Structures are given as structure tokens and as C-alpha cells.
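# An overview of the molecular structure
These are the residues of each chain, in order.
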Amino acid sequence: MNREKLIKRVRHALYVAATVVVLLLAWQTAYLICDNPLIVPSVQKTIDKTFALLGSAAFYASFGATLLRGVVSFVIAVVFAIALFVLSKTCKFMKVFCDTVVKVLRSVPTIAIILFILILTNAQIAPVFVAFLVVMPLIYAGMCGFSVGINVKNLCYVYKISRRDYVKFVYLPKLQKDLLPIFSSSISLNLKIIVASEVLANTYQSIGGMMQENKVYFDMAGLIALALITIFAAVVLEKIVDAFKYFKFKVKDKEGVKNEIN
């Protein structure tokens, strides 16, 4: 890592730290002004509640169930988005058909989806379907906006690059670069929708269910602690997806020397 890049990273870390300090000061100021822990709990009480949750076995069972729903729904959304994208490329009718289905799904109110799915399934499964129906159209729209570029295609045609090499060393690296940010933002949004759906569905043994319980008992510190843990988990999931940008496509030339693409 060169010095300029190191300085940039350190500066970014300092900006993040300064932002966190400002937010914590604003939070503590609101607590002092409000003077009512049932509305705005103190920073210290929320931190204590967070550590209490992290030391509870019941919390990990609920967190694991929510995280599993998030991963499953995201994987299903990606698979279906890819399938619809591939179908939309087969002919004009399929393009119109897939676009129409996705537009309808994007237009339906989330609460209506939750209520409808709750009737058909149960509170354990409903959040998975809700997150899938919300996130899948976003991923599909991102994939439809992806393009290699006509100039690159023309160059590949001129140099007689095979379809297999075009896909492996031109299309996939460009796909990796353009779609990873969409996947990264979608997976964090997916987790937030899972939690919100669990709250509305009152899902047993889940982060959303715990939030609903804290709301009933006016435990604002516990509610904020769960929200902070969810935010942290969403950031971690984003970083995991972002890590795929370091994957390099490799090809051997005629002398057997490996060259990295992307």
C-alpha cells in the first residue's frame, strides 16, 4: 500500500470517527433535554443494554434466525433476478413480460404483501418472501442497466475473440465491477426489510420479534440496541459482498504465463 492510499484511508477513518462522536453528543444532548428515558434513553444505558443482549443465548438464537432468513431471501432474489434477466434476453415478448412483472412487484405496497403472505404462510416464512419480493426487482433493474459498451463489442468482433473468452474475460469482469455495488446495497436493504417484516408479523424468535417485545414494555434502550446491532450486521454483510471485488479473473497466454484480468 503506497503512502497516498494509506493517508486517504486514515483520513476517511478519522472522518467516520468524528461523525460517530458528533452523533453520540447529539444523542446525549437530546437525552438531557428530554429528561425522559422512556422516550430518549441515555447513551450509557443503551451501551449497557447492548452488551447485555450480546451476553444472552436467547439473543443469538433470534439473531441467527433473522440472519438466516436474510441470507436465504437474498440468494433467492439473486437467482430469480438472474433467471428473469436471462429470459428477458431471449426475445422481445419475454423482455416486456419480465419488465411488466417486475414493475408490478415494485408497485405493490409492502404492507399489502406482508398481509397477503401471512394469510398464505406463517410469521416464520413471511419475512423471507417479503424481502425477496422487494429486493429482487431492484437487482433485476440493476442488471438490465448493465452494458459492456458497443465499442468494446466492436473491438472483440474485429480481433475475433471467441464468445467463451468474451464472456469470461470481458463480460464477467465488467459485470463484477458494475453489479457488486448493487448487490452490496441490496443485501443490507434485504436485512432491514426482514427485520421490519418480522416486527409487523410478530415473528417468534427473531430480531423483529424482540423489537416488538421491547416496544410493548417501553424498553427504548433495548429497541435502540437491537437497531444498532442490525445496522452493524448490515454493514458486515455489505463488506462481505464488497470483498468479491478483489477476485481476479486469470487467463493463460500461449507461453503458459498467467495474466490477471480486472
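None of the values given here were measured: they were computed from a predicted structure. (Residues numbered from 1 in each chain as written. Predicted model: local features only at pLDDT ≥ 70, side-chain atom pairs only at ≥ 80, totals over all residues. Heavy atoms only, no water.)

### Focus on helix H6 (residues 126–144)
To be explicit about the condition: Helical segments are the DSSP runs of H or I of at least four residues, strand segments are the runs of E of at least two, and each set is numbered from the N terminus. Multiplying one less than the number of residues by 1.5 Å gives the expected span of a helix. One axis fitted to the seven residues ending at a residue, another fitted to the seven starting there: the angle between these axes is the bend at that residue. Each residue's exposure class comes from its accessible area (1.4 Å probe, protein chains only) as a fraction of the maximum for that residue type: buried when under 20%, exposed when over 50%, partly exposed otherwise.
The end-to-end C-alpha distance of H6 is 28 Å, a good match for the 27 Å that 19 residues give at a rise of 1.5 Å each. At valine 135, H6 shows its largest kink, close to 25 degrees, and the proline proline 137 lies no more than four residues downstream. Summarising burial for H6: 14 of the 19 residues are buried, a large majority.

### A short note on a positive patch on the surface
We apply this condition: Nonpolar side chains (Val, Leu, Ile, Met, Phe, Trp, Tyr) are joined into patches within 5 Å and like charges within 9 Å, using only residues with over 30% relative accessible area and no salt bridge. Methods summary: accessible areas were calculated by the Shrake-Rupley approach with a probe of 1.4 Å, and residue burial reflects only the protein chains presented. Salt bridge, as applied in this entry: a Lys or Arg side-chain nitrogen positioned within 4 Å of an Asp or Glu carboxyl oxygen. We treat Lys and Arg as the positive residues and Asp and Glu as the negative residues; His and chain ends play no part in the count. Positions of charges follow a simple convention, taking NZ of Lys, CZ of Arg, CG of Asp or CD of Glu.
Where like charges cluster on the molecular surface, the positive patch consists of Lys5, Lys8, Arg9 and Arg11. Note on placement: arginine 9 falls in helix H1 (residues 3–34).

### Here we look at the packing of aromatic side chains
To be explicit about the condition: Here a Phe, Tyr or Trp ring, Trp counted by its six-membered ring, pairs with any other such ring whose centre lies within 6.5 Å, and the pair is stacked when the planes are under 30 degrees apart, edge-to-face when over 60, and tilted otherwise.
Enumeration over the complete set of coordinates arrives at five aromatic pairs. Here the aromatic rings of phenylalanine 59 and tyrosine 60 are separated by 5.3 Å at their centres, their planes lie at 70 degrees, and the arrangement is edge-to-face. Residue tyrosine 60 is classed as partly exposed on the basis of its relative accessible area of 46%. Aromatic side chains phenylalanine 80 and phenylalanine 132 sit 5.1 Å apart centroid to centroid with 70 degrees between the ring planes, which places their arrangement in the edge-to-face category. Here phenylalanine 80 is found in helix H3 (residues 57–88), whereas its partner phenylalanine 132 is found in helix H6, with 52 residues between them in sequence. Every member of this aromatic cluster is reached through a ring pair, and the members are Phe59, Tyr60 and Phe63.

### Topic: the confidence of the model for the protein
Put simply, the rule is: Here pLDDT means the predictor's own confidence in every residue, given as a number from 0 to 100. By definition in these notes, contact holds between two residues if any of their heavy atoms fall within 4.5 Å.
In this model, the protein carries a mean pLDDT of 81, and residues with pLDDT of at least 70 account for 81%. Scored below 50 in pLDDT, residues 251–262 shows 21 contacts in the model against residues more than four places distant or in partner chains.

### Quick look at the side chain of serine 197
Mapped onto the fold, serine 197 is located in helix H8 (residues 163–201). On the basis of relative accessibility, which here comes to 2%, the residue serine 197 falls in the buried class. Sequence-distant contacts of serine 197, that is, excluding residues within four places in its chain, are made with Ile114, Pro127 and Val130.

### Digging into the pattern of salt bridges
Per the stated rule, a full pass over the model turns up three salt bridges. In this structure, the salt-bridge partner of lysine 49 is aspartate 219, at a minimum N-O distance of 3.2 Å. Taken together, the residues span a long stretch of sequence, with lysine 49 in helix H2 (residues 43–54) and aspartate 219 in the loop between helix H9 (207–216) and helix H10 (220–242) at a distance of 170 residues. Since its relative accessible area comes to 18%, aspartate 219 is described here as buried. The shortest N-O distance in the salt bridge between arginine 69 and glutamate 198 comes to 2.9 Å.

### Observations concerning the packing of helix H4 (residues 92–107) against H6
Note the threshold: Only the stretch in contact is used when fitting a helix axis, every axis being a line fitted to C-alpha atoms; angles between N-to-C directions are given from 0 to 180 degrees. The labels follow the angle: roughly parallel below 35 degrees, roughly antiparallel above 145, roughly perpendicular from 65 to 115, and oblique for the rest. For any helix crossing, the convention is left-handed if the near helix is rotated counterclockwise from the far helix by under a right angle, and right-handed if that rotation is clockwise.
Interaxial distance between H4 and H6 falls to 9 Å at its minimum, and their mutual angle equals 140 degrees. With respect to H6, the axis of H4 lies oblique. Considering how the two elements wind past one another, H4 and H6 form a crossing that is left-handed. Across the interface between the two elements, Lys95, Cys98, Asp99, Val102, Leu105 and Arg106 from H4 touch Leu133, Met136, Pro137, Leu138, Tyr140, Ala141 and Cys144 from H6.

### Brief notes about the environment of asparagine 122
The line we're drawing: We call two N or O atoms a polar contact when they sit within 3.5 Å, provided that within protein one can donate a hydrogen and the other can accept it, with sequence-adjacent residues counted only if both atoms are side-chain atoms.
Here asparagine 122 lies in the loop between helix H5 (110–120) and H6. The class for asparagine 122 is partly exposed, based on a relative accessible area of 35%. For the pair formed by asparagine 122 and threonine 203, sequence separation is 81 residues and the distance between their alpha carbons is 8.7 Å. In this structure the side chain of asparagine 122 is engaged in a polar contact, spanning 2.9 Å, whose partner is the backbone nitrogen of glutamine 124. One polar contact links the side chain of asparagine 122 to the main-chain amide nitrogen of isoleucine 125, over a distance of 3.1 Å.

### What to know about the environment of leucine 24
Locating leucine 24 in the fold gives a position in helix H1. Here leucine 24 falls in the partly exposed class, since its relative accessible area comes to 37%. C-alpha separation for the pair leucine 24 and serine 42, spaced 18 residues apart in sequence, amounts to 9.8 Å.

### Thoughts on the nonpolar core
Our working rule: Residue types Ala, Val, Leu, Ile, Met, Phe, Trp, Tyr and Cys, when buried and joined through side-chain atoms within 4.5 Å, form a set referred to as a nonpolar core.
Of all hydrophobic cores here, the largest spans 33 residues; its most connected members are Met136, Ile139 and Tyr140. The set of elements that each furnish at least two residues to this core consists of H3, H4, H5, H6, H8 and H10. Sorting elements by how many residues they give to this core places H6 first, with ten residues. Discounting chain neighbours no more than four positions away, the residues touching tyrosine 140 are Ala81, Leu84, Phe85, Ser88, Lys95, Cys98, Asp99 and Val102.

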